[in-house]
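# Overview (structure and organization)
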Amino acid sequence: MNNISPLAFIHPNAKIGDNNTIGPFCCIDQNTILGDNNQLLNSVTIHAGARIGNGNEIFPGASIATKPQDLKYKGEETLCEIGDNNSIRENVTISRGTASKGTTRVGNNNLLMENMHVAHDCVIGNHVIIGNSTKFAGEVVVDDYAVISATVLFHQFSKVGGYVMIQGGSRSSLDVPPYIMAGREPIRYAGLNVVGLRRHGFSNETIDLIHNAYRILYGKATVAEGLREIKASLPLTPEIQYIIDFVSTSQRGIMR
């Protein structure tokens with residue numbers, strides 16, 4: 001049974017699951033789906049095109065599936081998909097997709113802190129932590145278990161690898177490869193995210209192997225040379241293969 005404030009507005013065509021709490025002054029538009037066991041505190045806005053899973057907690061002022069801030073958007077029907085067990089804090093804004101990709105996606109078990117923005121067609125993985133007032137431009141991809149500090153700015157089409165730690169106040173127009181710490185001005189590689197890797201159960205042997213991969217990659221004159229030596233000299237464990245795949249498919253290039 002849902003607990004819906006009489007001061008909330010829910011469009012008759014919205015599809016609402018079971019055991020949701022919807023607080024006063026929330027607004028849920030048509031063409032929306034809300035799963036089970038979600039908690040919407042007061043003054044949450046769910047726009048058309050939202051597809052929200054189960055067990056999410058959404059705080060006051062959050063606006064989900066907003067119209068994209070993209071002049072190419074011409075009103076086409078697009079989606080914003082939110083997974084399960086996310087904490088979406090105050091004043092977070094998440095745009096729905098455009099014709100480019102059609103859908104903005106946020107996975108499961110993420111923490112999106114106050115006043116941060118996810119633009120159109122972004123893809124946020126699982127177990128990601130994003131700090132206050134961080135902003136993603138369109139079509140940014142963030143892989144699982146990334147930790148991004150406050151007030152970080154990401155250029156459109158950039159990609160962030162898994163298990164990274166990014167310093168607050170950074171600005172990134174290049175891709176951030178997995179397992180590393182990144183910071184300084186301009187943003188650059190600042191070593192491995194050793195503490196994060198250990199917390200997630202990576203062995204010392206695996207951490208050493210990842211370190212050797214980046215020692216080779218950043219020790220060569222070109223990325224292509226580094227990739228060739230990594231393939232030739234290191235065992236192709238899943239972690240090393242992930243680094244190779246990430247770097248070799250980077251469209252914007254990786255940070256130095």
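Let's shift gears to helix 3 (residues 223–233). For helix 3, the set of buried residues is Gly 226, Leu 227 and Ile 230. Summarising the axial view, the buried residues of helix 3 lie within an arc of 100 degrees, below the 170-degree limit, and thus occupy one face. Opposite the buried face of helix 3, by more than 90 degrees, sit the exposed residues Arg 228 and Ala 232. In this structure, the buried side of helix 3 is in contact with helix 2 (204–219) and helix 4 (238–248).

Let us now look at the sheet that holds strand 13 (residues 87–88). With mixed pairing, the 11 strands of this open sheet are ordered in space as 1-4-7-10-13-16-19-22-25-27-28. With one partner strand each, in any of the chains shown, strand 1 (3–4) and strand 28 (188–192) form the two edges of the open sheet. Bridge analysis of strand 1 against strand 4 (residues 21–22) gives two bridges, and the strand direction is parallel. Bridge pairing in strand 4 links Asn 3 to Thr 21. The sheet contacts of helix 2 involve strand 27 (180–183) and strand 28, and relative to strand 28 the element is tilted by about 150 degrees.

Right, let's talk about the packing of helix 2 against helix 3 for a bit. At a minimum axis separation of 7 Å, helix 2 and helix 3 run at an interaxial angle of 145 degrees. When the axes of helix 2 and helix 3 are compared, the crossing they make is right-handed. The segment helix 2 lies against helix 3, with Ala 213, Ile 216 and Leu 217 engaging Val 223, Gly 226, Leu 227, Glu 229, Ile 230 and Ser 233. Partitioning the contact of helix 2 with helix 3 into residue classes produces six nonpolar, two polar and one charged.

Another point: the packing of aromatic side chains. All told, the structure shown has 10 aromatic pairs when counted by the stated rule. With 6.0 Å between their ring centres and 20 degrees between their planes, Tyr 214 and Tyr 218 make a pair best called stacked. Of the two residues, Tyr 214 and Tyr 218 both sit in helix 2, four residues apart, roughly one turn of that helix. Note on Tyr 214: relative accessible area 1%, which makes it buried. Put simply, the rings of Tyr 145, Tyr 163, Tyr 179, Phe 202, Tyr 242 and Phe 246 pair up and form one aromatic cluster. Taking NZ or CZ as reference, Arg 89 lies 3.8 Å from the ring centre of Phe 59, over its face.

In a pair of packed helices, the angle between the axes and the distance between the axes together describe the arrangement. Helix 4 packs onto helix 2 with a crossing angle of 30 degrees between their chain directions and a minimal axis gap of 9 Å. Between helix 2 and helix 4, the interaxial angle falls into the category roughly parallel. By crossing handedness, the relation of helix 2 to helix 4 is classed as right-handed. Along its contact with helix 2, which presents Thr 206, Leu 209, Ile 210, Ala 213, Tyr 214 and Leu 217, the element helix 4 presents Glu 239, Ile 240, Ile 243 and Val 247. Looking at the contact of helix 2 with helix 4 residue by residue, the classes come out as eight nonpolar, one polar and one charged.

Taking strand neighbours across the sheet as the criterion, the eight strands line up as 3-6-9-12-15-18-21-24 in an open arrangement whose pairing is parallel. Every interior strand has two partners, whereas the edge strands, strand 3 (15–16) and strand 24 (159–160), have only one.

The next thing to look at is the pairing of strand 28. As paired strands, strand 27 and strand 28 are joined by three bridges and run antiparallel to one another. When the bridges of strand 28 are listed, Ala 182 appears paired with Tyr 189. Between strand 27 and the antiparallel strand that follows it, strand 28, lie four residues; Arg 184 among them carries a positive phi value of about 70 degrees.

Membership of the largest hydrophobic core comes to 67 residues, with the highest contact counts inside it found for Ile 64, Ile 94, Phe 136 and Ile 166. For this core, the secondary-structure elements that each account for two or more residues are strand 9 (50–52), strand 11 (63–66), strand 12 (79–82), strand 27, strand 28, helix 2, helix 3 and helix 4. Tallying contributions element by element places helix 2 first for this core, with eight residues. Excluding its chain neighbours within four sequence positions, the residues that come into contact with Ile 166 are Val 147, Ile 148, Ser 149, Val 152, Phe 154, Val 160, Val 176, Ala 182 and Ile 187.

Okay, the side chain of Asn 86 next. With respect to the helices, strands and loops of the structure, Asn 86 is situated in the loop between strand 12 and strand 13. The class for Asn 86 is buried, based on a relative accessible area of 2%.

This part is about unusual backbone geometry. Following Glu 185, the chain continues into Pro 186 via a peptide bond in cis, with omega recorded as 0 degrees. The backbone phi angle of Asn 109 is positive, close to 60 degrees, even though this residue is not glycine. Along the polypeptide, Asn 109 turns up in the loop between strand 15 (103–106) and strand 16 (111–112). One non-glycine residue, Asp 121, lies in the positive phi region at around 65 degrees. A relative accessible area of 3% places Asp 121 in the buried class.

The rules behind the values
Every chain begins its residue count from 1, and numbering advances along the sequence as written. In keeping with the predicted nature of the model, local features appear solely for residues at pLDDT of at least 70, side-chain atom pairs appear and are counted solely at 80 or more, and the whole-chain, interface and lining totals rest on all residues. Water and hydrogen atoms were dropped before computing side-chain values, which therefore reflect all heavy atoms in the structure. For every residue, the accessible area obtained with a 1.4 Å probe (protein chains only) is divided by the maximum for its type, and the residue is called buried under 20%, exposed over 50%, and partly exposed between those limits. By definition, any uninterrupted DSSP run of H or I lasting at least four residues is a helix, any uninterrupted run of E lasting at least two residues is a strand, and each is numbered from the N terminus. Read the arc as the range of directions from the helix axis to the C-beta atoms. We call two residues in contact when some of their heavy atoms are within 4.5 Å. The pairing criterion is simple: DSSP has to find at least two bridges between the two strands. Note on definitions: angles span 0 to 180 degrees between N-to-C directions of axes, and those axes are lines fitted to C-alpha atoms, for helices only across the stretch in contact. By definition, turning the near helix anticlockwise from the far helix through less than a right angle yields a left-handed crossing, and turning it clockwise yields a right-handed one. We call Asp, Glu, Lys and Arg charged. Ala, Val, Leu, Ile, Met, Phe, Trp, Tyr, Cys and Pro are nonpolar, and the rest, Gly among them, are polar. Here a Phe, Tyr or Trp ring, Trp counted by its six-membered ring, pairs with any other such ring whose centre lies within 6.5 Å, and the pair is stacked when the planes are under 30 degrees apart, edge-to-face when over 60, and tilted otherwise. Only when the NZ atom of a Lys or the CZ atom of an Arg is both within 6 Å of the ring centre and within 35 degrees of the ring normal do we say a charge sits over the ring. Throughout, the term roughly parallel applies to angles under 35 degrees, roughly antiparallel to angles over 145, roughly perpendicular to angles from 65 to 115, and oblique to all others. As used in this record, nonpolar core signifies buried Ala, Val, Leu, Ile, Met, Phe, Trp, Tyr and Cys residues forming a set joined through side-chain atoms within 4.5 Å.

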